[in-house]
Amino acid sequence: MCGMPQQPPVRSSPTRPSRPDASMSLLTNVMDHSLDDGYAEAAARKQAEGADGMPKTVRAKLGLAAGLVLAALVVTLGAANARIAAPVIAKERQELIDRIERETSAADKLEDNVDTLRADVSARQRAALKSDGGSGQADLVGILSGATAVHGPGVKLVVDDAKEASQDGDGDPRETSGFSDTGRVRDRDMQRVVNGLWESGAEAISINGQRLTALSAIRAAGDAILVDNKPLVPPYTVLAVGDGQRLSTRFQNSADGLYLHALQENYGIRTSISVQDDVRLAAAPSVIVRTAQPSTEKGTS
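Predicted model only: the values in this text are computed from it and were never measured. (Residues numbered from 1 in each chain as written. Predicted model: local features only at pLDDT ≥ 70, side-chain atom pairs only at ≥ 80, totals over all residues. Heavy atoms only, no water.)

## Here we look at the sheet that holds strand β4 (residues 218-221)
If you trace the three strands from one edge of the open sheet to the other, you get β4-β5-β6, paired in antiparallel fashion. In the strand order of this sheet, the two ends are held by β4 and β6 (230-232), each with one partner. In this sheet, neighbouring strand axes are inclined to one another by 40 degrees on average, regardless of whether the strands run parallel or antiparallel. Two strands pair when backbone bridges link them, and β4 and strand β5 (residues 224-227) are joined in this way by four bridges, in the antiparallel orientation. Across the sheet, residue Ile 218 finds its bridge partner in β5, namely Val 227. (Pairing = 2+ DSSP bridges. Helix = DSSP H or I, 4+ residues; strand = E, 2+ residues; numbered from the N terminus. Axes fitted to C-alpha atoms, helices over the stretch in contact; angles between N-to-C directions.)

Okay, here's the thing in structure tokens:
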């Protein structure tokens, strides 16, 4: 047995680890998983819920509810304020209406007083004109001054705007030729009509019932025509007392009558003239003379 070679004993060598730190498994596990699974789950849940710890769906519902409550509050407050302010506004409106009615009534009373005083002055003037014994001279003065109502033969002249009358866009007055393409009757047209009738032999004239005197003025205020500061509306009816047929013929052949005819032909202004058997004109408002004084035969007052 001594001669037999002996096998060296087999020594079992330990298995070499796959990682150098395989022997430090606990340390490796701690390094790879620095947080516990419980902590990781809590962090994920907190991130999902938000910073305040409330789920997003619940927070959205609460925000919507708060918005609806706020909107309802605003609407309620607005309705309450409207109910509170409504009586005040209605009261102020009624007070304004009452004030307008009172002022209108006062203005009507003043106008009535003016008419009464005017009639009284006119009556006194007519009485004064007849104080010389009722001479024809006094009656003539009353007729010419417009202080006396008159009637007699004459003409009726109606002047009206064109059917398609329109105002100029820039509001410019008529050109120097005296015509306009607006088709509206102007104050200068009525001035020429009245002057033409006087020149043709008219003894008394009225426009829309407004008696003209030596102090009458025909003016314009916008598109309105004023006679002695009283506005008139078309159609303008001119009544003139005089020798009817002769007055009509002379006026239509005069320069002013031809002017009126040109307005009719070129701009559509409507006119008509007719002879009247009896034209009645009311007395004019009282004419007050403040400056002129009667003179004596020697020229002194």
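Okay, back to it.
## As for unusual backbone geometry
In this structure, Pro 235 follows Pro 234 across a cis peptide bond, with omega equal to 0 degrees. Looking at the secondary structure, you find Pro 235 in the loop between β6 and β7 (236-241). Positive phi is not limited to glycine here, since Asn 208 has a value of about 50 degrees. With respect to the secondary-structure elements, Asn 208 resides in the loop between β2 (204-207) and β3 (210-211). Here Asn 208 falls in the partly exposed class, since its relative accessible area comes to 30%. Positive phi outside glycine occurs at Asn 229, with the angle close to 70 degrees. (Buried < 20%, exposed > 50% of the residue type's maximum accessible area, 1.4 Å probe, protein only.)

## Comments concerning the packing of aromatic side chains
As enumerated under the stated definition, the model contains zero aromatic pairs in all. Lying over the aromatic face of Tyr 259, Arg 192 brings its terminal NZ or CZ to 4.2 Å of the ring centre. (Phe/Tyr/Trp six-rings, centres within 6.5 Å; stacked < 30°, edge-to-face > 60°. Lys NZ or Arg CZ within 6 Å of the ring centre and 35° of its normal.)

## Notes on the nonpolar core
Ranked by size, the top nonpolar core spans 25 residues in total, and within it Met 190, Leu 197, Ile 205, Ile 207 and Val 238 carry the most contacts. Of all the secondary-structure elements, those providing two or more residues to this core are β1 (150-160), α5 (187-199), β2, β5, β7, α6 (244-253) and α7 (255-267). Take this core: its biggest share by element is four residues, from α5. Among residues more than four places away in sequence, those in contact with Ile 205 are Val 194, Leu 197, Trp 198, Gln 210, Arg 211, Leu 212, Val 238, Leu 239, Ala 240 and Leu 281. Listed in part, the five residues of the second largest apolar core include Ala 204, Val 241, Val 279 and Leu 281. (Core = buried A, V, L, I, M, F, W, Y, C linked by side-chain atoms within 4.5 Å. Contact = heavy atoms within 4.5 Å.)

## Side note on the environment of Arg 124
If you trace the backbone, Arg 124 turns up in helix α3 (residues 56-129). Sequence separation between Arg 124 and Ala 147 is 23 residues; the distance between their C-alpha atoms is 10.0 Å.

## So, the sheet that holds β1
Read from one edge to the other, the open sheet built from five strands follows the order β3-β2-β7-β1-β8, with strand pairing classed as antiparallel. Looking at the sheet topology across the chains shown, the edges are occupied by β3 and β8 (270-281). As defined by bridge partners, β1 adjoins β7 across six bridges and the pair is classed as antiparallel. By the bridge assignment, Val 158 is partnered in β7 with Thr 237.

## Remarks on the pattern of salt bridges
This model, assessed by the stated rule, comprises three salt bridges. When the shortest N-O distance is used, the salt bridge between Asp 160 and Arg 270 registers 3.2 Å. You can see Asp 160 sitting in strand β1 and its partner Arg 270 sitting in strand β8, a full 110 residues away along the chain. A salt bridge links Asp 256 to Arg 192, with the shortest nitrogen-to-oxygen separation between them at 3.0 Å. Placement of the pair is Asp 256 in helix α7 and Arg 192 in helix α5, with a sequence separation of 64 residues. The exposure class assigned to Asp 256 is buried, which follows from its relative accessible area of 12%. (Salt bridge = Lys/Arg side-chain N within 4 Å of Asp/Glu carboxyl O.)

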